[in-house]
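Descriptive analysis of the structure
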Amino acid sequence: MTQFVDSSTLKSWLHDGREIALLDVREHGQYGESHLFYATPLPYSRLEVDVVRLVPRKGTRVVVYDSGEADTQDVALRAARRLRAMGYAEVFVLTGGSKAWKAAGHALFAGVNLPSKTFGELVEHAYGTPRITARELAEKQASGEPLAVFDGRPVSEFHKMNIPGATCCPNGELAYRIASLVPDAATPIVINCAGRTRSILGAQTLINLGIPNPVYALENGTQGWYLEDLPLEHGGTQRYADDTGSAALLAQARQLAERFGVPQVDAATVEQWARDGERTVFLCDVRTPEEFKAGSLPGAQHTPGGQLVQAGDQYVGVRGARLVLFDSDGVRAPVIASWLRQMGQEAYVLAEGLDSGLALAARPDSDAPELPAISARELQRRMEQGEAVAIDLRAGMKYREAHIPGSTWAIRPRLAEHLRGEKRAVVLIADEPAV
């Protein structure tokens, strides 16, 4: 039986101190146009693939919603049924969806990562984070002044576009690597991102750590640079070297954690939390992708530090959960946890980090059913003979770039309508088998 919750009750639930997962189950584009502030984007098209990671505890209170408009085809109801079938015990549908939320006088927001972006603006206001304009930076570079520019985004984003002369050093790595990358105390340091948030948080991280160098956030990042008609580079590979890590700022990182009330927790306590099952525990490895791939703690997920602050809803779908962060150096986890604590998250640092011996139960990659596979050659043969229809489930942009001749594009909520009356075999195409 479907359970519903009205907008007024949901508003109170979001602030009652209990765990809650608020899931927007529409497609990413629809979410970006208009959504509730604390919502996690989890498209129905990827529900079983991502929910086990975003909401790992089946006893979590879960609220799902769509737009409430007729053209959403009751996707929230369908998502709620699937979640209950997967074993989630406390699932609710927001009555009337986001349309009813707005009608009740509550705000809707466009864009993505709204909590972190809002937090970034508050940080700049509260700390007075120094900034530099794109034109000022370009003039300093042209004059040959000593200057170190670091791009606080992940390597993949840096590769798409970067400011000339910048080195990729994601925000989560700054505290660990800055002493090696800028060994003197006089060189000015500029942190940039695509827009504002990571520029501000990266610069303020170094300032909070107490490094003596002048530190600035690049105003409006690469967007501001582009709007000033300054050239961007593409395909950049200039990044920190893997051997640039340093524990030189270990004492400062610990002081920062103390300043913002970040508790340490030992492995035995985390194991007890997991056994109790009363609260959700996310074990977060904040190191680099390469380090995580080389070996991590059982039950951990890779949550690169800067992105955990910037785009936390990609890794954590439960408001009010416990976040246990760890690293191998004692620098990165405390710094990231200090920001999460300021954002209101219940964040901890795992004592002894990678060497703690903590082992939690592994979580499944997904709860998607397995289907038989077909080779490309066999699909071609069957399509030519009129025996099969191919449905492409990838993002619409990818389909438009290139697709199998004769295939059609669809999304999960519309598949039944798309295939109504179809008698041929159906072959589904996606980037991930689970999808």
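Residues numbered from 1 in each chain as written. Predicted model: local features only at pLDDT ≥ 70, side-chain atom pairs only at ≥ 80, totals over all residues. Heavy atoms only, no water.

**Side note on a nonpolar patch on the surface**
On the surface, a cluster of nonpolar side chains totalling about 280 Å² of accessible area is made up of Leu-371, Val-426 and Leu-428. You can call Leu-371 exposed: its relative accessible area is 63%. (Patch = residues over 30% accessible without salt bridge, like charges linked within 9 Å, V, L, I, M, F, W, Y side chains within 5 Å. Areas by Shrake-Rupley, 256 points an atom, 1.4 Å probe, with all protein chains shown as cover. Salt bridge = Lys/Arg side-chain N within 4 Å of Asp/Glu carboxyl O. Buried < 20%, exposed > 50% of the residue type's maximum accessible area, 1.4 Å probe, protein only.)

**Things to note about the pattern of salt bridges**
Pairing is possible between side chains of opposite charge, provided their charged atoms come close. Under the counting rule described, the total for this entry stands at 32 salt bridges. The salt bridge involving Asp-24 is made with Arg-26; its shortest N-O contact spans 2.7 Å. Assessed through its relative accessible area of 0%, Asp-24 is described here as buried. We classify Arg-26 as buried; its relative accessible area is 7%. Taking the shortest distance from any N to any O, the salt bridge between Asp-50 and Arg-53 comes out at 3.5 Å. Here the residue Asp-50 and the residue Arg-53 both occupy positions in helix H3 (residues 47-54), the gap between them amounting to three residues, near one helical turn. (Helix = DSSP H or I, 4+ residues; strand = E, 2+ residues; numbered from the N terminus.)

**Side note on the sheet that holds strand E18 (residues 425-429)**
Reading across the sheet, the three strands line up as E17-E16-E18 and stay open at both edges, with parallel pairing between neighbours. Single-partner strands in this sheet number two, and they are strand E17 (408-409) and E18. One ladder, built from five bridges, connects strand E16 (residues 388-392) with E18; its direction is parallel. Paired with Asp-392 across the two strands is Ile-429, which belongs to E18. The strands touched by helix H17 (residues 376-384) are E16 and E18; relative to E16, the strand with the most contacts, the crossing angle is about 120°. (Pairing = 2+ DSSP bridges. Contact = heavy atoms within 4.5 Å. Axes fitted to C-alpha atoms, helices over the stretch in contact; angles between N-to-C directions.)

**Quick word on the sheet that holds strand E12 (residues 281-285)**
Spatially, the five strands line up as an open sheet ordered E11-E15-E14-E12-E13, and their pairing is parallel. Unpaired on one side and paired on the other, strand E11 (264-265) and strand E13 (301-302) mark the two borders of the sheet. Sheet topology note: the E11/strand E15 (residues 346-350) ladder contains two bridges and is parallel. Residue pairing in the sheet places Val-265 in a bridge with Leu-350 of E15.

**Considering the packing of aromatic side chains**
This structure, assessed with the given rule, holds six aromatic pairs. Each ring, one from Phe-37 and one from Phe-109, has its centre 5.2 Å from the other, and the planes form 65°; the classification is edge-to-face. Of the two residues, Phe-37 sits in the loop between helix H2 (28-33) and strand E3 (40-41) while Phe-109 sits in the loop between helix H5 (97-103) and helix H6 (114-127), which places them 72 residues apart along the sequence. By relative accessible area, which is 30% here, Phe-109 ends up partly exposed. Aromatic side chains Tyr-127 and Trp-339 sit 6.3 Å apart centroid to centroid with 85° between the ring planes, which places their arrangement in the edge-to-face category. (Phe/Tyr/Trp six-rings, centres within 6.5 Å; stacked < 30°, edge-to-face > 60°.)

Geometric descriptors of this kind do not, in isolation, establish any biological role.
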